[in-house]
Amino acid sequence: MQKNHKEKKERNNQKLQLLKEKVNQYDDIAKIGEITRRSFGNNAFDGILTMIGVLIGSMSSGIRDPRVVITTGLTTSIAIMISGAWGAYLTETSERKKSLNELGRSTLTDLNGSRIGRASRFAAVAVSLVDGLSPFLGAIVVLIPFFFSAYFADVFIMYYTALGAALLALFALGVWLGHVAEENLYIYGLKTLLAGVVSILIGSLLGN
């Protein structure tokens, strides 16, 4: 029994290792990591700022029911997720197909079934998933306080907590971008944080 379990574990480890090697090969060919990093940063930023707009709009309209805020936030974030994933997949597929065909014509080779072709298709899927999930996850982080409405004495405390979470998420995103760029982490964090503050101020002015 233990021997079978050990063999099964070894087979699973081998499969994971093969998958990791294949992904690394595709990344070397299609530069997936670089593109997905940009997509994650851009789209998570969009998701957080969009939720700031939803929160300011709801607060200015006097919405006191947390369920309305959750519903509005979720439907908005799902729409962003579908838009991001769908648009990225179509764009990446189109661009990579064009590049693959041009390379195939220059080498007089059909590359669709080659490693380059497989890497190209894998990249389109990977980028579309990141494009879709990153704004959705960014939005969900901002909405978390409203899922725990029973622990808040007043709905406006939830609003301020959610806005605080949004600013914190923006700062964390900026720190990560600074790490990627190998630049000052806090400067990058403050840059992304400033975008959130500006959005809150403009939204509040419009709401008033």
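Every chain is numbered independently, its residues counted from 1 as its sequence is written. In view of the model being predicted, local features appear only for residues whose pLDDT reaches at least 70, and side-chain atom pairs are presented and counted only at 80 or more, with totals across whole chains, interfaces and linings using the full set of residues. Excluding hydrogens and water, the side-chain values take into account all heavy atoms of the structure.

So what exactly am I meant to see when it comes to helix 6 (residues 185-207) here?
Owing to its 3.6 residues per turn, the α-helix brings residues three or four apart onto one side. Taking 1.5 Å as the rise per residue, helix 6 with 23 residues should run 33 Å; its terminal C-alpha atoms sit 33 Å apart, in good agreement. Any residue under 20% of the maximum accessible area for its type is buried, any over 50% is exposed, and the rest in between are partly exposed; the area is computed with a 1.4 Å probe on protein chains only. Counting from the N terminus, the helices are the DSSP runs of H or I reaching at least four residues and the strands are the DSSP runs of E reaching at least two. If you check which residues of helix 6 are buried, you get Gly 189, Thr 192, Gly 196 and Ile 200. Residue contacts are counted whenever heavy atoms from the two residues lie within 4.5 Å of one another. Buried residues belonging to helix 6 abut helix 2 (32-60) and helix 5 (155-181). Its side-chain oxygen at 3.0 Å from the backbone nitrogen of Tyr 186, Asn 184 defines the N-terminal cap of helix 6. By this rule, a helix spans an expected 1.5 Å times one less than how many residues it contains. Here a polar contact is taken to be a pair of N or O atoms separated by no more than 3.5 Å, where protein atoms must pair a possible hydrogen donor with a possible acceptor and residues adjacent in sequence count only if both atoms sit in side chains.

Help me understand the pattern of salt bridges in this model?
Side chains bearing opposite charge may pair, as long as their charged atoms lie close to each other. Every case where a carboxyl oxygen of Asp or Glu lies within 4 Å of a side-chain nitrogen of Lys or Arg is listed as a salt bridge. The full count for this structure, using the stated rule, is 5 salt bridges. A salt bridge links Arg 38 to Glu 34; the nearest nitrogen and oxygen atoms lie 3.2 Å apart. Here Arg 38 pairs with Glu 34, and both are found in helix 2, just 4 residues apart, close to one helical turn. The class for Arg 38 is partly exposed, based on a relative accessible area of 48%. Here Arg 67 ties to Asp 65 by a salt bridge, and the two come within 3.2 Å at their closest N and O atoms.

Any chance you could explain the side chain of Arg 96 here in plain terms?
As for its position among the elements, Arg 96 is in helix 3 (residues 66-107). Setting aside chain neighbours within four positions, we find Arg 96 in contact with Ala 30, Ile 35, Ser 120, Ala 123 and Ala 124.

How should the side chain of Ser 58 be read in this particular structure?
Mapped onto the secondary structure, Ser 58 falls in helix 2. Sequence-distant contacts of Ser 58, that is, excluding residues within four places in its chain, are made with Ile 63, Val 69 and Tyr 159.

Would you take a moment to explain a nonpolar patch on the surface for this structure?
Nonpolar side chains collect at one region of the surface, where Ile 78, Ile 82, Trp 86, Tyr 89, Leu 90, Val 125, Leu 129, Leu 133 and Leu 137 lie side by side and expose about 870 Å² of accessible area between them. When contributions to the nonpolar patch are tallied by element, the ones reaching two or more residues are helix 3 and helix 4 (115-147). Counting residues per element, the nonpolar patch draws most heavily on helix 3, which supplies 5 residues. Looking at the element boundaries, Leu 133 is found in helix 4. Owing to a relative accessible area of 41%, Leu 133 belongs among the partly exposed residues under this scheme. Candidate patch residues must exceed 30% relative accessible area and have no salt bridge, after which like charges are joined if within 9 Å and Val, Leu, Ile, Met, Phe, Trp or Tyr side chains if within 5 Å. All accessibility values rest on the Shrake-Rupley procedure with a 1.4 Å probe; residue burial counts only the protein chains present in the view.

I keep staring at unusual backbone geometry and nothing clicks. Help me out?
The bulk of non-glycine residues show a negative phi, and the bulk of peptide bonds are trans. Positive phi, close to 60°, is recorded for Glu 182, a residue that is not glycine. Examined against the element boundaries, Glu 182 turns out to sit in the loop between helix 5 and helix 6.

Looking at this structure, how should I read the packing of helix 5 against helix 6?
Axes are the key here: two packed helices are described by the angle between their axes and the distance separating the axes. Between helix 5 and helix 6, the least distance of the axes is 7 Å, while the angle of their chain directions is 145°. Like other packed secondary-structure pairs, helix 5 and helix 6 cross with a definite hand, here right-handed. Of helix 6, the residues touching helix 5 (which contributes Leu 163, Leu 167, Leu 170, Phe 171, Gly 174, Val 175, Leu 177, Gly 178, His 179 and Ala 181) are Leu 185, Tyr 186, Tyr 188, Gly 189, Leu 190, Thr 192, Leu 193, Gly 196, Val 197 and Ile 200. Throughout, an axis means a line fitted to C-alpha atoms (over the contacting stretch in the case of helices), and angles, computed between N-to-C directions, take values from 0 to 180 degrees. Left-handed is the label given to a crossing in which the near helix is rotated counterclockwise from the far helix by less than a right angle, and right-handed is the label when the rotation is clockwise.

Would you mind showing me how to read the nonpolar core here?
In a soluble, globular protein the nonpolar side chains are often hidden away together inside. In this text, buried Ala, Val, Leu, Ile, Met, Phe, Trp, Tyr and Cys residues form a nonpolar core when linked through side-chain atoms within 4.5 Å. Counting 22 residues, the largest nonpolar core has Ile 48, Ile 52, Leu 55, Val 142, Phe 146, Tyr 159 and Leu 163 as the members making the most contacts within it. Contributions of two or more residues to this core are made by helix 2, helix 3, helix 4 and helix 5. With near-sequence residues (within four places) excluded, Tyr 159 lies in contact with Leu 55, Ser 58, Met 59, Ile 63, Val 69 and Phe 146. If you look at the next biggest cluster of nonpolar residues, it comprises 6 residues, including Tyr 26, Ala 30, Ile 32 and Ala 119.

Would you explain helix 2 in this entry?
Its 29 residues give helix 2 an end-to-end C-alpha distance of 42 Å, which sits within 8% of 42 Å, the value for a rise of 1.5 Å per residue. Positioned one or two residues after helix 2, Gly 62 has a phi angle of 75°, which is positive.

Explain the packing of aromatic side chains here, please?
Describing an aromatic ring pair means giving the distance of the ring centres and the angle of the ring planes. Stacked, tilted and edge-to-face pairs are distinguished by plane angle, under 30 degrees for stacked and over 60 for edge-to-face with tilted covering the rest, among Phe, Tyr and Trp rings (Trp via its six-membered ring) whose centres lie within 6.5 Å. For the coordinates displayed, the defined rule picks out 4 aromatic pairs. Where Phe 40 meets Trp 176, the ring centres are 5.3 Å apart and the plane angle is 80°; that geometry is what we call edge-to-face. Here the residue Phe 40 occupies a position in helix 2, and Trp 176 occupies one in helix 5, the gap between them amounting to 136 residues. We classify Phe 40 as partly exposed; its relative accessible area is 35%. Ring centres of Phe 146 and Tyr 159 lie 5.4 Å apart, and the angle between their planes is 70°; this geometry places the pair in the edge-to-face category. Placement of the pair is Phe 146 in helix 4 and Tyr 159 in helix 5, with a sequence separation of 13 residues. For the pair formed by Phe 146 and Tyr 159, the shared burial category is buried. Members of the aromatic cluster, joined through ring pairs, are Phe 146, Phe 156 and Tyr 159. Note on geometry: a ring has a charge over it if NZ (lysine) or CZ (arginine) is within 6 Å of the ring centre and within 35 degrees of the ring normal. Its end group placed over the ring of Tyr 188, Lys 191 keeps NZ or CZ at 5.2 Å from the ring centre.

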